[in-house]
Amino acid sequence: MRWSCYAIAAAVIHATLIPADAELVPATAELPPTLRPALAASVEQVSLPQSFNLGLANNPRTAAARAQLGVTKSNLAQANVLPNPGIYIDNQYQFTYKLGASMLVEPPWRIIFRRAAAKKQITQTDLEITRTLWLFRGEVRRTFVEALIAREMADLRRQLLTIMRRLLSIAKERFEKGDVPKLDVHRAELAVIQAEIQVEQADILVTQTREQLNVVLARDKNLVEPAPLSSVLADLVKESTRLGDSQQLVHAAMTNRLEIKIVEQQIKVNDANLTVARGNILPAPRFTVGRMTEDRINSDKNRKSAFFQALIEMPILDRQQGFIARGKAVDKQLNLEVLSQQNIITQQVLLAYRRVQSALARIDRYQHQALPISITISSAADLSYRMGQTDINSALVAQQDNILVRTQYLDSLLAYELAMNDLEQAIGIPL
């Protein structure tokens, strides 16, 4: 299978070209203390699936997204609220006195329509939360891969530094014997300095990417870092074995992409709001009932009796025209938004798919052609200079080219992972 080939290639990358009797000097030992990577006492190594679980659990970003559901559910509670009753007082001094209760009676369909609209709004919020979590998953994956590749790059820089130091040692030995001029020693020393600068920058980048990963995963304590490349490479590249053609991926995106589902749910919410507006065309009547008292000035009987009043507005001028017109305009805009999202998604899927293909093609060429030849040339150049068959320039260039090829291979892996992450985001489901 393809991913097994990648695992073999990862093992090749980790294979060192340093002889067993060579002295290994840590590059970070010569760095200023302020530039050395800050390493925790104990750092847990995690795989990509484990990082997903850590990121989605007990994370302030995901918690904030989930809390939106409670905010939206309050609309359902408000939809059940009935109008407050009132106290009716009609005090005509020295004449008639009225005291009673007033109540606005809503038609039953108003509550039903409001509840339906609130429930559809809750469904929309749930989809928006899912989209937020999905985008966060993509950020976790991108940060994880960047931290992983940065560490592998730093290892390559250390290998190059060790090789340059070995060549410097050989140049000094040959200079002392009179085989080479002092210029070879200076060139080797310059190559060592350049390699040390690269190691220094690589270590800073490792610290940066590791910090970003722990921040995204909300790990203040019990810090984590990616597991070795050889152990996680299968998880990183296994998706490519199950990819269909571009049209299948576009069809899957149209079915699963949350942006389209959210717009479609917005159409349902807007239709429900239109129904609420139409239900409000018939006004709610207000009824008042109470007791009326007539004093002696108006009646010898000084009597008391009940009274009843009703106030019903006529839907002549206000028929919810503005709300209904706005709802129709929103419905038209949302239907166009569906077409717009489909066009954007098609572009994103095709672009990410071609980038995945390009990265896979580069990885395959590096695995089967560039890496084996580069390793062979590196070993031969090292031995040739030791035997005096080549000059220092040839040896330095050969070793630097070897590291460059392996660096380009890691760059291809990073490009593949970023492209695959973009393809997953474009389709809307894990591949």
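Residues numbered from 1 in each chain as written. Predicted model: local features only at pLDDT ≥ 70, side-chain atom pairs only at ≥ 80, totals over all residues. Heavy atoms only, no water.

1. Structural notes on the overall build of the protein chain
Condition: By definition, any uninterrupted DSSP run of H or I lasting at least four residues is a helix, any uninterrupted run of E lasting at least two residues is a strand, and each is numbered from the N terminus. Using a 1.4 Å probe on the protein chains alone, a residue whose accessible area is under 20% of its type maximum counts as buried, one over 50% counts as exposed, and one in between counts as partly exposed. Any two residues having at least one pair of non-hydrogen atoms within 4.5 Å are treated as being in contact.
Scanning the protein chain from N- to C-terminus turns up ten helices and six strands. Looking at the protein chain residue by residue over its 431 residues, the buried ones come to 41%. Of the contacts made within the protein chain by residues no fewer than 6 positions apart, 83% connect residues no fewer than 24 positions apart.

2. Quick look at the sheet that holds strand S2 (residues 86-91)
In plain terms, the rule: Pairing between two strands requires that DSSP report at least two bridges joining them. A fitted line through C-alpha atoms serves as each axis, taken over the contacting stretch for helices, and the angle formed by two N-to-C directions is quoted from 0 to 180°.
The strand order across the open sheet built from four strands is S2-S3-S5-S6, with neighbouring strands paired in antiparallel fashion. Whereas interior strands pair on both sides, the edge strands pair on one side only; in this sheet they are S2 and strand S6 (304-311). Each strand of the sheet is rotated relative to its neighbour by a mean of 20 degrees, with strand direction disregarded. Across six bridges, the pairing between S2 and strand S3 (residues 96-104) is antiparallel. Residue pairing in the sheet places Asp90 in a bridge with Lys98 of S3.

3. Considerations on unusual backbone geometry
For Asn58, which is not glycine, the phi torsion reads 55 degrees and is therefore positive. Within the secondary structure, Asn58 is located in the loop between helix H2 (48-56) and helix H3 (60-79). Despite not being glycine, Asn222 shows a phi value in the positive range, around 50 degrees. By the element assignment, Asn222 lies in the loop between helix H5 (182-216) and strand S4 (224-226).

4. Some thoughts on the packing of helix H4 (residues 108-177) against helix H8 (residues 258-279)
Rules: Put simply, angles under 35 degrees are roughly parallel, angles over 145 are roughly antiparallel, angles from 65 to 115 are roughly perpendicular, and the rest are oblique. Whether a crossing is left-handed or right-handed is set by the direction in which the near helix is turned from the far one by less than a right angle, anticlockwise for left-handed and clockwise for right-handed. Each residue is assigned to one class: nonpolar for Ala, Val, Leu, Ile, Met, Phe, Trp, Tyr, Cys and Pro, charged for Asp, Glu, Lys and Arg, and polar for all the others, Gly among them.
As a packed pair, H4 and H8 sit with axes 9 Å apart at the nearest point and diverge in direction by 165 degrees. Relative to H8, the element H4 is oriented roughly antiparallel. In this structure, H4 crosses over H8, and the sense of that crossing is left-handed. Residue composition of the contact of H4 with H8, by class: ten nonpolar, nine polar and eight charged.

5. Looking at H3
For clarity, the threshold we go by: Expected helix span is computed as 1.5 Å times (number of residues minus one). The directions from the helix axis to the C-beta atoms form the arc being described. Here a polar contact is recorded for every N or O atom pair within 3.5 Å, except that within protein the pair must consist of a potential hydrogen donor and a potential acceptor, and residues adjacent in sequence are included only if both atoms are side-chain atoms.
Taking 1.5 Å of rise per residue, 20 residues should cover 28 Å, and H3 covers 30 Å from first to last C-alpha, within 8% of that figure. Every buried residue belonging to H3 is among Thr62, Ala65, Thr72 and Ala79, and all of these are buried. The buried residues of H3 all sit within an arc of 75 degrees when viewed along its axis, so they share a single face. Set apart from the buried face of H3 by more than 90 degrees, the exposed residues are Pro60, Val71 and Gln78. Two or three places before Arg61, at the opening of H3, Asn59 has a side-chain oxygen 2.9 Å from that residue's backbone nitrogen.

6. A few points about the nonpolar core
What counts is decided by this rule: We call a set of buried Ala, Val, Leu, Ile, Met, Phe, Trp, Tyr and Cys residues a nonpolar core when their side-chain atoms join them within 4.5 Å.
Of all hydrophobic cores here, the largest spans 47 residues; its most connected members are Val349, Leu413 and Leu423. Only H2, H4, H5, helix H6 (229-237), helix H7 (246-256), helix H9 (321-387) and helix H10 (392-427) provide two or more residues apiece to this core. Sort the elements by how many residues they give to this core and H10 lands first, with eleven residues. With residues up to four places along the chain from it excluded, the contact list for Val349 reads Leu249, Val250, Ala253, Leu423, Ala426 and Ile427. By size, the runner-up hydrophobic cluster in this structure holds 20 residues, among which are Met164, Leu168, Ala195 and Ile403.

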